[in-house]
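# Architecture and fold: a report
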Amino acid sequence: NADVNPGMGDAIGDELDADCDGFELCYVDADNDGYRMTDVVQSMDEDCEDDGEASMDEPLVDCDDTRAGVNPGAEEIPGDGVDQDCDGTDPAGDDDDSVASDSDSDGDADGADDSADADGELAVSVEYPPEKGGCSTAPRGSGSLAWLLSLGLIVGLRRQD
């Protein structure tokens, strides 16, 4: 096979050691539920069948790769506060419409830093650094006095008119 030689690079998750180094690059499936992430791990052998590894044939993407019971193919358990099937909601049951799941108690509906509503719109939660005091438009340094005098002159002229 002309595509397998020491000068070739490995394709991720194809289970072919194209560069003949004895290792394969695999996708990550940390919870071994058959749904992979986009992260890559180096396999210690020539396949992607060991724990935590996934080939390119496994579906993308697991919404919580720390729990095997949470993935796009999982059966939803209504009203338990967990979005098992990764659709962005946790149905509350027959009497209620739908309740957003917050499995990590961070205020988001999908256990991450963003959530999707029923209309397909995406809301992103952004945390800003704490403010460090007030904001001033006045310049700092040696020009401060000149700026202040200019401002006083402008205000004084406006009052005369």
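As a reminder, the structure under discussion sits directly above these lines.
Let us look at the structure shown here. (Residues numbered from 1 in each chain as written. Predicted model: local features only at pLDDT ≥ 70, side-chain atom pairs only at ≥ 80, totals over all residues. Heavy atoms only, no water.)

## Examining the overall build of the protein
Tallying secondary structure elements over the protein gives one helix and five strands in all. Reading the protein from its N terminus to its C terminus gives the helix and strand order β-β-β-β-β-α. Out of the 161 residues belonging to the protein, those deemed buried represent 22%. Considering only contacts in the protein between residues 6 or more positions apart, those separated by 24 or more positions represent 25%. Looking at the protein as shown, the accessible area adds up to about 11100 Å², and 51% of this sits on carbon and sulfur atoms. (Helix = DSSP H or I, 4+ residues; strand = E, 2+ residues; numbered from the N terminus. Buried < 20%, exposed > 50% of the residue type's maximum accessible area, 1.4 Å probe, protein only. Contact = heavy atoms within 4.5 Å. Areas by Shrake-Rupley, 256 points an atom, 1.4 Å probe, with all protein chains shown as cover.)

## What to know about a negative patch on the surface
On the surface, Glu15, Glu49, Asp50, Asp51 and Asp57 cluster together into a patch of negative charge. The residue Asp57 is located in the loop between strand 3 (52-54) and strand 4 (114-116) in this model. (Patch = residues over 30% accessible without salt bridge, like charges linked within 9 Å, V, L, I, M, F, W, Y side chains within 5 Å. Salt bridge = Lys/Arg side-chain N within 4 Å of Asp/Glu carboxyl O. Lys, Arg positive; Asp, Glu negative; His and termini not counted. Charge placed at Lys NZ, Arg CZ, Asp CG, Glu CD.)

## Description of the sheet that holds strand 3
The three strands lie next to each other as 2-1-3, forming an open sheet whose pairing is antiparallel. Strands with a single pairing partner mark the edges of an open sheet, and in this sheet they are strand 2 (40-43) and strand 3. Pairwise comparison of adjacent strand axes, ignoring direction, gives a mean angle of 60 degrees for this sheet. Taken together, the four bridges between strand 1 (residues 24-29) and strand 2 define a ladder with antiparallel strand orientation. The residue bridging Tyr27 from the neighbouring strand is Val40, located in strand 2. (Pairing = 2+ DSSP bridges. Axes fitted to C-alpha atoms, helices over the stretch in contact; angles between N-to-C directions.)

## Description of the side chain of Asn71
Topologically, Asn71 is positioned in the loop between strand 3 and strand 4. By relative accessible area, Asn71 is classed as buried at 6%. A distance of 2.8 Å separates the side chain of Asn71 from the backbone nitrogen of Gly73, its partner in a polar contact. Side-chain polar atoms of Asn71 contact the backbone nitrogen of Ala74, separated by 3.0 Å. (Polar contact = N/O pair within 3.5 Å; in protein donor to acceptor, adjacent residues only side chain to side chain.)

## Some points on the state of the cysteines
Across all of its chains, the model carries two disulfides by this definition. Covalent S-S linkage joins Cys26 and Cys48, the inter-sulfur distance amounting to 2.1 Å. Here the disulfide of Cys26 and Cys48 is left-handed, its torsion about the S-S bond being about -85 degrees. Residue Cys26 is found in strand 1, and its partner Cys48 is found in the loop between strand 2 and strand 3; the two are separated by 22 residues along the sequence. Exposure remark for Cys26: the relative accessible area of 0% places this residue in the buried category. There is a disulfide in this structure between Cys63 and Cys86, and the S-S distance comes to 1.8 Å. Between Cys63 and Cys86, the disulfide has an S-S torsion of -70 degrees and is therefore left-handed. Here the residue Cys63 occupies a position in the loop between strand 3 and strand 4, and Cys86 occupies one in the loop between strand 3 and strand 4, the gap between them amounting to 23 residues. The class of Cys63 is partly exposed, set by a relative accessible area of 39%. When the bonded cysteines of the protein are numbered from the N-terminus onward, they pair as 1-2, 3-4. (Disulfide = S-S within 2.5 Å.)

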